[in-house]
Amino acid sequence: MIPVKLTLKGLYSYKETQTIDFTSLTAAGLFGIFGVVGSGKSSLLEAILLALYGSTERLSDRGEKNSMVNLQSDSLQISFEFKAGINNANHYLASYRVKRNPKNFDEIRPAEHHFYLKEKEELIPLEDRAETIIGMKMDHFKQTVIIPQGKFREFIDLTPGPRAAMMKELFGLERFDLSGNTGTLYKKAREEKIKLETKLEPLENLNPDLLEEQQSEWEKTRRLVQEKEQSFEKSGKKLQQMESFREKHQELLKSRETWEALENQLPEIEKKKKELKEYLQARTYLLPLWEKIKEENLTLEEATVGMIDCKRFEQAYKEQINTLEAQESDLKKKADQRPQREAKIRDLQKVLEIQTLTQELHTSQGKLESLQPQLADLLRKQESMEKQLDKLDKETESFDPSSDHQELAELQQQAKEWKTLLAQKEVLKRQEENLKKETRHFTNRVEELLASLPADFTDFDQWMVAQKEVIKKWELEREKLIEKKALQNHAHALRDGEPCPLCGSLEHPEPLDAHLSDDSLEKIQASWLNSREKLDQTQEITRELLLQRNNKEHHSEQLRNKSEELNLQQQQLDHLQKRLAARGIIDPESLDSKRKKLEEKVQQQAALDKTIREGRKNLEQIRKQREQSQNESRKAEEGLLSLKSTIQAKEEEISDLEFAHSYLKTSAEIIRQTIESVQKDIKETADFLDSKQKVLKETREKSATNLANLSNFEKKRESSTQKLAALNTDYEKLLLEYGFSDKQALEALFTSKMDADKTDHQIREHEKKCSVVKSRISELENIAGVSDFQQRIYEALTATHLQEKEELDAMKNKLTLLNQSLQELREKLVLKAELTQTFRKLETRLSYLKELDQLFKGSGFVKYVSRIYLKELCNTANLRFSRLTKNSLSLEIDDNNTFWVTDYLNGGKKRLLKTLSGGQTFQASLCLALALAEKVKSLNQADQSFFFLDEGFGALDRNSLRVVFETLKALRHENRIVGIISHVEELQQEVAVYAKVELDQEKGSQVSYSFS
């Protein structure tokens, strides 16, 4: 992870928006963030932790987050841009925002925490959290990338279990946890073994001898089947021949039966032949002539009836024509008067129009007379309203609305600010009191711990050195006693003149006492353990004393900050009160009184303005109404003139004035009825005349047609009589020619529905069947063996053949079963061989898996790999640690993942890492942290790695500080980026590129740069 830019506002002392551009800082490789104690340096790291993980080191996730929001701010906003991923190729943005509850100052609303992938200028929202993006939990991030105050040596202080778990999560060592996979494979292999045993169990009795026996039985059965097939084929051929004779014999019997039936049908066929002949003669020769005679009789009858009807219609048409001609003459006389009647109608229509226009003229005159008083009333209202508005405008000139509104807004803002400052002052007082109580508690605890220091020593380090000397003395005595105890086992074997088994000497002047007691060793061991316990207790007291002092210093710093904030709040409150006093306001009550008076004045002015606006609106409405009434009056006058001229023009258009004047006082309804009555009569007369003329024309045409038809019917009757006589003569001749004497029987043949084709087909089919059946009977009687066929011999042969077939099928089934059994036996033998080979391999695999399962059980392999990683970590850290300690110390890790230190100044003996001094512990922690960061960098496949350090430089002397600083500067050549947070001035002089944080009483923490 490489930081790019951090923007924050409202966090602790950061009142205003501050942006830390890491691009220029990280380009230097080594940079610093410097400032005095309490300026807000460490808050930058907390801002990064908040943006990434939504939590900080100082405050818990619940209940204390309201303390991280600046007391003069309503919200906290953090935006952090960084690069991460493989080779830090991806650009991300983390956003964190919280707001105070407007109704409850101490309540913080839930945070808005979002992550975005930045591609060019586009932000793509992400569901992933920092653990996924960076690949670390917050605890590991604080131990490898950003190390806050008080957490630098946390990796060293971890117990072996959590330390191994951390290595597992950081480097993905869970991939080496193969116990689950091995157990699964072992279980699966055991299940496969059981399945194989189950499959092999039914195959146990199978062997090659059994296969040979079944093969021999199959060969024997196959030979018998071949013999049976030959015998069955011979009997089948003989039976097939007998079946042919049987079929032909049955066909012969059926043919004879058919011939007898055909002979019985012969009389009926002869009768049908005679009926068919008579039917065909009648239909062919006599029917056409008979139909013509029938048609001519109809024609004659029709002509006779038509001639009678035409003579009757001739007289009726003459009478109808005379009547229609008299009616036509009367209607023509009435139709000639139409022009004079239509002129009267037009005059009456003009009278109606004049009556309508006269009514409109009277209406317009009444409307014009009613508009005159309305116009006068609107004019008076307009003049009165204008005078009232002029009076109100003069009253508003005495007001100054802009200054009143501005003064009221300022007073409202100052009242709100006064209330907020008083509330914040009370909160700060309570926090200051709490910090005082906690500081007194830490001071008392420090005094209690110092009281446990013996009077012989000036500090705890001196006391621990003395205790270590005592422990060392007890260890030497214990080693000497153990050596004597070991030599005691050989003392009883010493003999004068015989060489010593240890040194080879022949003389033994002072041999050890063989009865040396074990009490001395136990006492020394007890004293050594007692000294060790006292040393552990002293170290624990020392650590607690350091912690309590740090807490005391931290709370004292917070107390000073709170006091400064309280003073700042008081200054702001005094400044506000001075400004209000200049206006004559000395307390909140006078401020409220002043504000209320201004509000009343502003309200009065607003009411006056509203009255003026409404008055102008009403005046405008009156003006519009007056203009509308004036327009209506003008239109009414113009309408009167137009109506008078129109009436005069209509009177001039009337043709008969005397006739029209007689109807002027008549009602319009009567005039309209008169017009409609005359128009209806004119139309009816024209329609009747036209209708009568059409009927007269049609009647004349019908009379002419009737005379023509009469002539035609007379000619037709004469012609039909002649034709009918000739046809009857020919018909009598044909009756004699074909021998038909009974005319009724002949006419019955004419109307008969006989199907001649069907009857002829039946006759021909009967003759054809007779010929075919007779020929087939002769043919079958000439075939040998057909006439003398015997059914008994055929049935015996069929039974024999069926018996042979059943025996053959049984033998074939047996052969098939033997073949299947033989095939199955071969497949089972092959399967048995394959399963046996697989079973042997599986047994070998099971033994291997069982051994691996024992090796991987309890995450043993993961712990082993974790120990290898920790040893590599120690080796990498020792490259710097040895140089920092001038080759006097080196780090090691034992099989239990516990850190030890090899002390080369004391014979290369080992001691726990916890026994190092504060400065040495810082050096060891720095080297381990750098080594861990290097491993993480390699894991992320990044060209660069980032490391932020906020601790420990104050505990180093000038020499150690110089060595550490040279080490940090050398990291630039390893493509590392290291950030330092410190208040130590010596570091600030050595680091060329840095950001400086200063606390301004008005603006809060401000960030500046060494290069700007």
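Here, residues in each chain are numbered from 1, in the same order as that chain's written sequence. Where local features are concerned, this predicted model is filtered to residues with pLDDT of at least 70; where side-chain atom pairs are given and counted, the filter is 80 or more; whole-chain, interface and lining totals use all residues. As a convention, hydrogens and water are excluded, and side-chain values are obtained from all of the structure's heavy atoms.

K.L.:
Mind laying out the overall build of the protein, listing which residues take part and the relevant values?
P.N.:
Secondary structure is summarised from DSSP: a helix means a run of H or I of at least four residues, a strand means a run of E of at least two, and numbering begins at the N terminus for each. Within the protein, the regular secondary structure consists of 23 helices and 16 strands. Taking all 1012 residues of the protein together, the buried fraction comes to 34%. Here the Shrake-Rupley method, with its probe set to 1.4 Å, supplies the accessible areas, and only the displayed protein chains count as covering residues. Carbon and sulfur atoms form 49% of the exposed surface of the protein, whose accessible area is close to 62700 Å². For every residue, the accessible area (1.4 Å probe, protein chains only) is compared with the maximum for its type, and the residue is labelled buried under 20%, exposed over 50%, or partly exposed between those bounds.

K.L.:
Let's hear about the packing of helix 16 (residues 668-738) against helix 17 (residues 743-751): which residues, and what values?
P.N.:
All axes here are fitted lines through C-alpha atoms, helices being fitted over the stretch that makes contact, and every angle between N-to-C directions spans 0 to 180 degrees. Packing of helix 16 against helix 17 leaves a shortest axis separation of 12 Å and a crossing angle of 95°. Regarding the angle of helix 16 to helix 17, the classification is roughly perpendicular. Together, Tyr-731, Glu-732 and Leu-735 of helix 16 and Lys-743, Leu-746 and Phe-750 of helix 17 make up the contact between the two elements. When its residues are assigned to classes, the contact of helix 16 with helix 17 shows 4 nonpolar, no polar and 2 charged. Small angles under 35 degrees read as roughly parallel and large ones over 145 as roughly antiparallel, with 65 to 115 read as roughly perpendicular and the rest as oblique. Here, two residues are considered to be in contact whenever any of their heavy atoms come within 4.5 Å of each other. Polarity classes work like this: nonpolar for Ala, Val, Leu, Ile, Met, Phe, Trp, Tyr, Cys and Pro, charged for Asp, Glu, Lys and Arg, and polar for all others, with Gly in that last group.

K.L.:
I'd like to hear about the environment of Thr-751, residue by residue, with values.
P.N.:
Structurally, Thr-751 is set in helix 17. A relative accessible area of 58% places Thr-751 in the exposed class. As for Thr-751 and Leu-287, which are separated by 464 residues in sequence, their C-alpha atoms are 9.7 Å apart.

K.L.:
Account for the UniProt feature "coiled-coil region" (unreviewed entry) in the protein, naming residues and giving values.
P.N.:
UniProt positions are given in the numbering used here, feature names are shortened, and annotations may be inferred rather than shown by experiment. The residues that UniProt annotates with the feature "coiled-coil region" (unreviewed entry) are residues 186-231, 310-337, 375-484, 549-579, 612-660, 710-737 and 763-828. Secondary structure content for residues 310-337 is 93% helix and 0% strand, while the C-alpha to C-alpha distance between its ends is 42 Å. With 100% helix and 0% strand, the stretch residues 710-737 has end C-alpha atoms that lie 42 Å from each other.

K.L.:
Describe unusual backbone geometry, with residues and values.
P.N.:
If you check the backbone angles, Lys-886 has positive phi at about 60° while not being a glycine. Relative to the assigned elements, Lys-886 resides in the loop between helix 20 (860-884) and strand 10 (889-893). A positive phi angle, near 60°, is found at Asn-887, a position not held by glycine. Relative to the assigned elements, Asn-887 resides in the loop between helix 20 and strand 10.

K.L.:
Pulling in residues and values, what's your account of the nonpolar core?
P.N.:
We define a nonpolar core as any set of buried Ala, Val, Leu, Ile, Met, Phe, Trp, Tyr and Cys residues linked to one another through side-chain atoms lying within 4.5 Å. In this structure, Leu-6, Leu-52, Ile-78, Phe-82 and Phe-141 are the most contacted members of the largest nonpolar core, which totals 52 residues. With 9 residues, helix 2 (residues 41-53) is the single largest residue contributor to this core. When near neighbours in sequence (up to four residues on either side) are disregarded, Phe-82 contacts Met-1, Ile-2, Pro-3, Val-4, Leu-52, Asn-90, His-91, Tyr-92, Ala-94, Ile-133 and Ile-134. Judged by nonpolar contacts, the second largest core, of 25 residues, contains Ile-156, Ala-877, Phe-899 and Val-901.

K.L.:
Can you lay out the pairing of strand 2 (residues 18-21) for me, pointing to particular residues and giving the numbers?
P.N.:
Here strand 2 shows one buried face, formed by Gln-18 and Ile-20, and one open face, formed by Thr-19 and Asp-21. In terms of strand pairing, strand 1 (residues 2-9) meets strand 2 through 4 bridges, oriented antiparallel. By the bridge assignment, Leu-6 is partnered in strand 2 with Ile-20. Any two strands between which DSSP finds at least two bridges are classified as paired.

K.L.:
Could you give me a rundown of the sheet that holds strand 12 (residues 909-912), with the residues and numbers involved?
P.N.:
Strands sit in the order 10-11-12 across an open sheet of 3 strands; the sheet is antiparallel. Looking at strand neighbours, the two that pair on one side only are strand 10 and strand 12, the edges of this open sheet. Neighbouring strand axes in the sheet, compared pairwise and without regard to direction, differ in orientation by 35° on average.

K.L.:
Lay out the packing of helix 10 (residues 338-396) against helix 16 with the relevant residues and their values.
P.N.:
Their axes nearest at 10 Å, the elements helix 10 and helix 16 cross at an angle of 155°. Regarding the angle of helix 10 to helix 16, the classification is roughly antiparallel. At the point where helix 10 passes helix 16, the crossing takes the left-handed sense. Every residue of helix 16 that contacts helix 10 at Arg-338, Arg-341, Glu-342, Ile-345, Leu-348, Gln-349, Val-351, Leu-352 and Gln-355 is listed here: Ala-668, Ile-671, Arg-672, Thr-674, Ile-675, Val-678, Gln-679, Asp-681, Ile-682 and Ala-686. By definition, any crossing whose near helix is turned counterclockwise from its far helix by less than a right angle is left-handed, and any crossing with a clockwise turn is right-handed.

K.L.:
Before we move on, can you summarise the pattern of salt bridges with the specific residues and values?
P.N.:
The rule for a salt bridge is simple: a side-chain nitrogen of Lys or Arg has to be within 4 Å of a carboxyl oxygen of Asp or Glu. Here the structure, examined in full by the defined rule, presents 20 salt bridges. Residue Glu-81 is joined to Lys-5 by a salt bridge in which the shortest nitrogen-to-oxygen separation is 3.9 Å. A residue pair is termed long-range when its members are at least 10 positions apart, and Glu-81 in strand 4 (residues 75-84) and Lys-5 in strand 1 qualify at 76 residues. Given a relative accessible area of 10%, Glu-81 falls into the buried group.

K.L.:
Kindly report on helix 8 (residues 208-264), identifying the contributing residues and their values.
P.N.:
Structurally, the α-helix is built with 3.6 residues per turn, so residues lying three or four positions apart point the same way. Compared with the 84 Å implied by 1.5 Å per residue over 57 residues, the 82 Å span of helix 8 between its first and last C-alpha is a close match. Taken as a whole, helix 8 has its buried residues at Trp-218, Thr-221, Val-225, Phe-232, Ser-235, Leu-239, Met-242, His-249, Leu-252, Ser-255 and Leu-262. In this structure, the buried side of helix 8 is in contact with helix 9 (266-335), helix 18 (756-781) and helix 19 (791-856). For a helix, the expected span equals 1.5 Å multiplied by the number of residues minus one.

K.L.:
How would you summarise the packing of aromatic side chains if you had to cite specific residues and measurements?
P.N.:
Centres within 6.5 Å are what make two rings of Phe, Tyr or Trp a pair, Trp counting through its six-membered ring; a difference in plane orientation under 30 degrees is then read as stacked, over 60 as edge-to-face, and the rest as tilted. Following the criterion strictly, the structure yields 5 aromatic pairs and no others. An angle of 80° between the planes, with centres 5.7 Å apart, marks the rings of Phe-31 and Phe-948 as edge-to-face. Residue Phe-31 is found in strand 3 (residues 30-34), and its partner Phe-948 is found in strand 13 (residues 945-949); the two are separated by 917 residues along the sequence. Ring plane angle 20° and centroid distance 5.4 Å describe the contact between Phe-80 and Phe-82, whose orientation is recorded as stacked. The class of Phe-80 is buried, set by a relative accessible area of 0%. A residue is classified by how much of its surface remains accessible, and Phe-82, at 0% relative accessible area, is buried. Throughout this description, the term charge over a ring refers to an Arg CZ or Lys NZ atom that lies within 6 Å of the ring centre and within 35 degrees of the ring normal. We note Arg-100 situated over the ring of Phe-105; from NZ or CZ to the ring centre the distance is 4.0 Å. Of note, Lys-473 hangs over the ring of Trp-474, and the distance from its end group to the ring centre comes to 5.2 Å.

K.L.:
Residue-level account of a negative patch on the surface, with values.
P.N.:
Together, Glu-197, Glu-201, Glu-204 and Glu-843 make up a negatively charged patch on the protein surface. When you line up the elements, Glu-204 lands in the loop between helix 7 (179-200) and helix 8. Residues enter a patch when their relative accessible area is above 30% and they make no salt bridge; the linking distance is 9 Å between like charges and 5 Å between nonpolar side chains (Val, Leu, Ile, Met, Phe, Trp, Tyr). Charge counting follows a simple rule: Lys and Arg are positive, Asp and Glu are negative, and His as well as the terminal groups are ignored. By convention, charge coordinates are those of NZ in Lys, CZ in Arg, CG in Asp, or CD in Glu.

K.L.:
How would you explain the environment of Ser-75 if you had to name every residue and give the values?
P.N.:
Looking at where Ser-75 falls in the secondary structure, it is placed in strand 4. Sequence separation between Ser-75 and Arg-97 is 22 residues, and the spatial gap between their C-alpha atoms is 7.3 Å. Residue contacts for Ser-75: discarding those within four places in its chain leaves Lys-9, Gly-10, Val-69, Val-98 and Lys-99.

K.L.:
I'd like a description of a positive patch on the surface, backed by residues and values.
P.N.:
On the surface, Arg-97, Lys-99, Lys-103 and Arg-109 cluster together into a positively charged patch. Inspection of the secondary structure assignment puts Lys-99 in strand 5 (residues 90-101).

K.L.:
An account of the side chain of Ser-235 is requested, with residue identities and associated values reported.
P.N.:
For Ser-235, the position within the fold is in helix 8. We define a polar contact as two N or O atoms separated by no more than 3.5 Å, with the added condition that, inside protein, one atom must be a possible hydrogen donor and the other a possible acceptor, whereas residues neighbouring each other in sequence contribute only through side-chain atom pairs. One polar contact links Ser-235 to Glu-804, side chain to side chain, over a distance of 2.7 Å.

K.L.:
Help me get a handle on the environment of Glu-714, residues and values and all.
P.N.:
Residue position: Glu-714 is located in helix 16. Glu-714 sits in the partly exposed class, given a relative accessible area of 37%. Separated by 407 residues in sequence, Glu-714 and Met-307 place their C-alpha atoms 6.4 Å apart. When sequence neighbours within four positions are dropped, the list of residues in contact with Glu-714 reads Met-307 and Lys-311.

K.L.:
How would you summarise the pairing of strand 4 if you had to cite specific residues and measurements?
P.N.:
Burial within strand 4 is extensive, with 7 of its 10 residues counted as buried. Bridging between strand 1 and strand 4 involves 7 bridges; their strand directions are antiparallel. Paired with Lys-5 across the two strands is Glu-81, which belongs to strand 4. The pairing of strand 4 with strand 5 spans 10 bridges and is classified as antiparallel. Within strand 5, the position partnered with Ile-78 by the bridge is Tyr-96. The turn linking strand 4 back onto strand 5 is made up of 5 residues, and Gly-85 within it adopts a positive phi angle of 95°.

K.L.:
So what about the side chain of Arg-867? Which residues, and what values?
P.N.:
Locating Arg-867 in the fold gives a position in helix 20. Once you skip the residues sitting within four places of it in the chain, Arg-867 turns out to touch Ile-893, Asp-894, Asp-895 and Asn-897.

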